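# Per-entry structural report
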Amino acid sequence: MILSQKADAILCKDEASWRKSGNVLRKRDEPIIILEPTEPIIKDDGTKVVYYNSKRVYDISSTDSV
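Residues numbered from 1 in each chain as written. Predicted model: local features only at pLDDT ≥ 70, side-chain atom pairs only at ≥ 80, totals over all residues. Heavy atoms only, no water.

## A short note on the environment of glutamine 5
What counts is decided by this rule: Going along the chain from the N terminus, every DSSP run of H or I of four or more residues is numbered as a helix, and every run of E of two or more is numbered as a strand. Exposed residues in this analysis have more than 50% of their type's maximum accessible area, buried residues have under 20%, and partly exposed residues fall in between, with area computed by a 1.4 Å probe over protein chains only. Residues are treated as being in contact if the distance between any of their heavy atoms lies within 4.5 Å. N or O atoms closer than or at 3.5 Å make up a polar contact, with two conditions inside protein: a donor-capable atom paired with an acceptor-capable one, and, for residues adjacent in sequence, both atoms drawn from side chains.
Here glutamine 5 is to be found in helix H1 (residues 2–5). Residue glutamine 5 is classed as partly exposed on the basis of its relative accessible area, which comes to 38%. Distance in space between the C-alpha atoms of glutamine 5 and tryptophan 18 is 19 Å, their sequence separation being 13 residues. If we ignore the near neighbours within four places in the chain, the residues touching glutamine 5 are Pro31, Ile32 and Ile33. Within the local environment of glutamine 5, its side chain forms a polar contact with the backbone oxygen of isoleucine 33, the two atoms lying 2.7 Å apart.

Below you can see the structure in the form of structure tokens.
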């Protein structure tokens, strides 16, 4: 999914992770949308199900570190 949205992406993190590492995001840059798996759920019949949530991440080129 990242490749189709930003082929030159190098390192992607969510906004909170970039902030935690001391980087500031540029507001004009669009996020990259990925699918993040949830913890597996075991159903009553014993089958394992994994759901996915969409998540916004940003490439390092969207921060002040470049």
